[in-house]
Amino acid sequence: MEVFADAFTYLIARREYVLATLTDHFMLVIWATFFVILIGVPLGIIISRTNRLQELVLGSVGILYTIPILALLGFLIPIMGIGTRPALIALVIYGLLPVVRNTCVGISQVPAMTKEAALGMGANNLQLLFKVEIPLTFPVIFAGIRTAMVMTFSLATYAVFIGAGGMGSIIMRGMRTYNTGMLLAGIIMVVITTVLLDRVVGFIDNRVQKKFSLAD
Amino acid sequence: MTREISVELQDVVKVYDTTKVVDGVNLSIEKGEIFVLIGPSGCGKTTTLKMINQLIPHTSGNILVNGMNVKELDAVELRRSIGYVIQYIGLLPHLTIEENITFVLQLIRRPKKEQKKRAHELIETVGLPASYLKRHPRELSGGQQQRIGVARALAGDPEILLMDEPFGAVDPLTREQLQNELLRLQETIQKTIVFVTHDIQEAFKVGNRIGIMRNGKMASVGNAMELVKNEDEFVRSFVGQGAIFDALDNIPVKRVMENDIPNVREGEPFKLKTAMNGWENIIVLDQNGAGVGYVSLEDVGPDGVIPAGAVRPLLPGCSPDLSIKKAVEQMLYGGRTWLPVASPENVFEGIVTFQACAGLLSREAG
Ligand SMILES: Nc1ncnc2c1ncn2[C@@H]1O[C@H](COP(=O)(O)OP(=O)(O)O)[C@@H](O)[C@H]1O
Ligand SMILES: [Mg+2]
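Since this is a predicted model, take the numbers as computed values, not measurements. (Residues numbered from 1 in each chain as written. Chains lettered and ligands numbered in written order. Predicted model: local features only at pLDDT ≥ 70, side-chain atom pairs only at ≥ 80, totals over all residues. Heavy atoms only, no water.)

**What about the overall build of chain B?**
Here's step 1: A count of helices and strands for chain B gives 13 helices and 15 strands.
Here's step 2: Referenced to the eigenvectors of the C-alpha coordinate spread, the extents of chain B come out at roughly 80 × 50 × 35 Å.
Here's step 3: Put simply, chain B has 366 residues, and 53% of those count as buried.
Here's step 4: Considering only intrachain contacts with a sequence separation of at least 6, the fraction spanning at least 24 residues in chain B is 59%.
Here's step 5: In the form shown here, chain B has an accessible surface area of approximately 17600 Å², with 49% of it arising from carbon and sulfur atoms. (Helix = DSSP H or I, 4+ residues; strand = E, 2+ residues; numbered from the N terminus. Buried < 20%, exposed > 50% of the residue type's maximum accessible area, 1.4 Å probe, protein only. Contact = heavy atoms within 4.5 Å. Areas by Shrake-Rupley, 256 points an atom, 1.4 Å probe, with all protein chains shown as cover.)

**Concerning the interface of chain B and chain A**
Here's step 1: At the interface, 23 residues of chain B touch 20 residues of chain A.
Here's step 2: For the pair chain B and chain A, the interface holds one salt bridge.
Here's step 3: A:E116 is the salt-bridge partner of B:K50, the closest N and O atoms lying 2.9 Å from each other.
Here's step 4: Between chain B and chain A we count six residue pairs in polar contact (both at pLDDT 80 or more) in total.
Here's step 5: Secondary-structure elements contributing two or more residues to the side of chain B that touches chain A are α2 (75-80), β6 (82-85) and α4 (103-107) of chain B.
Here's step 6: For the side of chain B that touches chain A, the leading source of residues is α4(B), giving four residues.
Here's step 7: Split into classes, the residues belonging to the side of chain B that touches chain A amount to 11 nonpolar, six polar and six charged. (Salt bridge = Lys/Arg side-chain N within 4 Å of Asp/Glu carboxyl O. Polar contact = N/O pair within 3.5 Å; in protein donor to acceptor, adjacent residues only side chain to side chain. Nonpolar A, V, L, I, M, F, W, Y, C, P; charged D, E, K, R; others polar.)

**Some remarks on unusual backbone geometry**
All names here are of chain B.
Here's step 1: Here Q54, not a glycine, exhibits a phi torsion of approximately 65 degrees, which is positive.
Here's step 2: Within the secondary structure, Q54 is located in the loop between α1 (45-52) and β4 (60-65).
Here's step 3: Residue class for Q54 comes out buried when judged on its relative accessible area of 11%.
Here's step 4: The phi dihedral of N346 is positive, around 65 degrees, even though this residue is not glycine.
Here's step 5: Mapped onto the elements, N346 comes out in the loop between β14 (338-342) and β15 (348-353).

**With respect to the confidence of the model for chain B**
Here's step 1: Averaged over all residues, the pLDDT of chain B is 87; the fraction at 70 or higher stands at 96%.
Here's step 2: ipTM for the predicted complex: 0.78, alongside a pTM of 0.78. (pLDDT = per-residue confidence, 0-100.)

**What about the site of ligand 1?**
All names here are of chain B.
Here's step 1: Neighbouring ligand 1 are the residues Y16, V21, S41, G42, C43, G44, K45, T46 and T47.
Here's step 2: G44 places a main-chain nitrogen or oxygen 3.0 Å from an oxygen atom of ligand 1.
Here's step 3: Take K45: an N or O atom from its main chain is 2.9 Å from an oxygen atom of ligand 1.
Here's step 4: Summarising the interface, the protein chains cover 57% of the accessible area of ligand 1, which totals 560 Å² for the free molecule.
Here's step 5: By residue class, the composition of the shell around ligand 1 is three nonpolar, five polar and one charged. (Near = heavy atom within 4 Å.)

**Quick word on the packing of aromatic side chains**
Here's step 1: Counted according to the given criterion, the structure contains nine aromatic pairs over all chains.
Here's step 2: Taken together, the ring pairs connect A:W31, A:F34 and A:F35 into an aromatic cluster.
Here's step 3: Across from the ring centre of B:Y16, 5.1 Å away, lies the NZ or CZ of B:K14, which sits over that ring.
Here's step 4: Over the ring of B:Y132 we find B:R135; its NZ or CZ atom is 4.2 Å from the centre of that ring. (Phe/Tyr/Trp six-rings, centres within 6.5 Å; stacked < 30°, edge-to-face > 60°. Lys NZ or Arg CZ within 6 Å of the ring centre and 35° of its normal.)

**Observations concerning the packing of helix α3 (residues 51-66) of chain A against helix α5 (residues 84-108) of chain A**
Residues and elements named next belong to chain A.
Here's step 1: Viewed as axis vectors pointing N to C, α3 and α5 meet at an angle of 150 degrees, and their least axial separation amounts to 8 Å. Considering the angle they form, α3 stands roughly antiparallel to α5. The hand of the α3/α5 crossing is left-handed. Contacts between α3 and α5 involve Q54, V57, L58, V61, G62, L64 and Y65 from the former and I93, Y94, L96, L97, V100, R101 and C104 from the latter.
Here's step 2: Considering only residue class, the contact of α3 with α5 consists of 11 nonpolar, two polar and one charged. (Axes fitted to C-alpha atoms, helices over the stretch in contact; angles between N-to-C directions. Parallel < 35°, antiparallel > 145°, perpendicular 65-115°, else oblique. Left-handed = near helix turned anticlockwise from the far one by under 90°.)

**Some thoughts on the packing of helix α2 (residues 15-49) of chain A against α5(A)**
Any two packed helices are characterised by how steeply their axes cross, that is the angle between the axes, and by the distance between the axes.
Here's step 1: In the contact formed by α2(A) and α5(A), the axes pass within 6 Å of each other and the chain directions differ by 40 degrees. Of the two possible hands of crossing, α2(A) and α5(A) adopt the one that is right-handed.

**Things to note about the pattern of salt bridges**
All names here are of chain B.
Here's step 1: By the definition in use, this model includes 20 salt bridges over all chains.
Here's step 2: Two residues, K191 and D157, come together in a salt bridge whose shortest N-O distance is 2.6 Å. On the criterion of sequence distance, the pair formed by K191 in the loop between α7 (172-189) and β8 (192-197) and D157 in the loop between α6 (142-154) and β7 (160-164) is long-range, its members being 34 residues apart.
Here's step 3: Judged by relative accessible area, D157 falls into the exposed class, the value being 53%.
Here's step 4: A salt bridge links D249 to K326, with the shortest nitrogen-to-oxygen separation between them at 3.7 Å. One end of the pair, D249, is in the loop between α11 (243-248) and β11 (263-265); the other, K326, is in helix α12 (residues 324-334), and 77 residues separate them in sequence.
Here's step 5: Residue classification places D249 among the partly exposed residues on the basis of a relative accessible area of 26%.

Below, the structure written as structure tokens:
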């Protein structure tokens with residue numbers, strides 16, 4: 001159990017460094033989530049309109065999703081070099097699938113009858129989208145964002161391989177220097193923050209689902 | 001007498017793939033009437049209705065709304081100007097009742113205050129408490145949701161209402177109640193209503209005129225009595241056995257009521273009018289105008305004095321909204337050939353005779 005004591009000693013002694021990696025990690029995930037929403041939601045809406053595009057896009061995003069992260073990071077280095085940008089791109093690629101898929105499925109499942117009611121009242125296409133389709137689909141979209149966020153948070157641990165920092169740096173250093181206390185400190189940080197994030201986002205998600213469940 | 005035409009269909013055709021689901025329909029719907037479209041499932045009623053507000057574009061022919069060709073109008077604007085009550089209600093589940101009612105007003109960006117005011121007016125119009133405005137559709141019963149569907153269609157105060165089986169999803173008792181409410185509402189709002197149903201009873205009840213559709217074609221158009229007397233085999237089979245009684249059950253007494261009946265106030269002498277219109281009896285009214293009895297012209301003394309013993313009791317007065325079938329029933333049970341008609345305040349309005357009821361058939365068709 002000595003190793004745990006070492007880990008905690010490390011966390012306390014190097015708290016500034018630990019906090020800095022944590023901030024980097026969070027910023028990476030927040031930006032990734034931002035871009036995932038920015039790209040994923042409109043993409044999901046667009047492909048929900050045409051079946052052929054839907055198969056093509058969901059298929060390609062699905063394939064990207066199955067590429068191992070180290071392979072993807074390795075692939076990005078010759079194209080973009082190292083640093084935050086390629087890391088961000090990798091995270092966005094992984095985060096896209098749940099958001100695109102949920103948005104697309106959600107929008108496709110808005111009952112034709114409901115859409116017809118809105119059109120019959122005189123809604124134009126934009127009004128249909130913003131007053132009916134998106135609000136009705138919001139819980140499903142949000143569930144996709146939750147998945148994307150928690151997943152990119154956990155994947156961001158690998159960002160260190162491409163020089164983008166984050167909490168993976170602690171683990172990496174621990175490994176390189178055979179410093180088991182430091183290694184364990186990194187693992188503890190990653191596990192605790194991932195669980196915490198999952199809890200917090202899950203709590204918000206539950207509130208969203210509850211608030212919107214009136215809709216059914 | 002030329003009536004104003006609100007909606008006109010000229011040789012309207014709708015083709016899906018290669019099948020004509022609406023096949024050369026011609027129709028003139030008059031301003032202020034309830035026109036019922038009826039026919040078996042899949043005959044093209046909904047398609048016809050949706051072509052009027054261009055939710056479905058027609059393949060050929062012309063559709064005129066208030067004299068303007070819908071093809072030349074902006075479809076979105078057209079729909080905003082026409083009320084639409086969708087089959088299966090179709091309230092927006094994520095919006096409150098208030099937001100549902102004012103949906104059209106939101107689309108055209110009316111001020112919030114006006115929306116709120118209109119929502120309160122309309123929920124009262126359809127007979128629900130204002131507290132329901134804050135609820136969501138799923139917290140309302142089917143019948144209540146139907147009422148909201150009607151309120152929503154009225155929000156923009158459209159001249160024309162399209163109603164697609166609006167009372168289809170509720171139990172028979174509620175349906176009857178909703179039909180009565182619609183008729184009462186229509187007396188004040190006087191909209192042009194195109195009403196789709198597959199229920200012939202409902203058609204007789206709410207329709208000023210009824211169009212029967214078959215395989216995308218208009219098989220027959222007319223009022224209830226004209227349809228009952230139609231010789232066409234399809235129309236006969238659709239309208240059904242005993243349809244005449246169904247129709248009579250839905251035509252109100254006021255349609256055949258005679259209201260120029262000689263009458264006298266109790267205690268006052270009766271002055272013989274020159275125009276008795278062949279009436280042999282005089283109705284005696286109390287000071288409030290309620291019928292108390294009738295007296296034969298022969299029994300009226302000189303100077304118009306009415307001997308107290310000569311006044312014979314009336315049958316209980318019926319409402320002008322009572323169906324002719326029920327009125328005839330009351331005559332048969334009461335052993336008379338006529339009934340007094342009284343307003344809800346029990347003021348004598350006229351009488352309805354067995355003869356007039358029987359004459360309805362020939363007269364309506366004439
Ligand atoms: N989008 C469509 N594509 C092909 N056929 C359709 C479509 N919509 C309706 N139909 C067909 O058109 C016919 C008329 O439908 P509809 O107007 O809904 O009938 P009704 O309202 O009288 O029951 C039906 O046979 C139906 O199957
Ligand atoms: Mg239909």
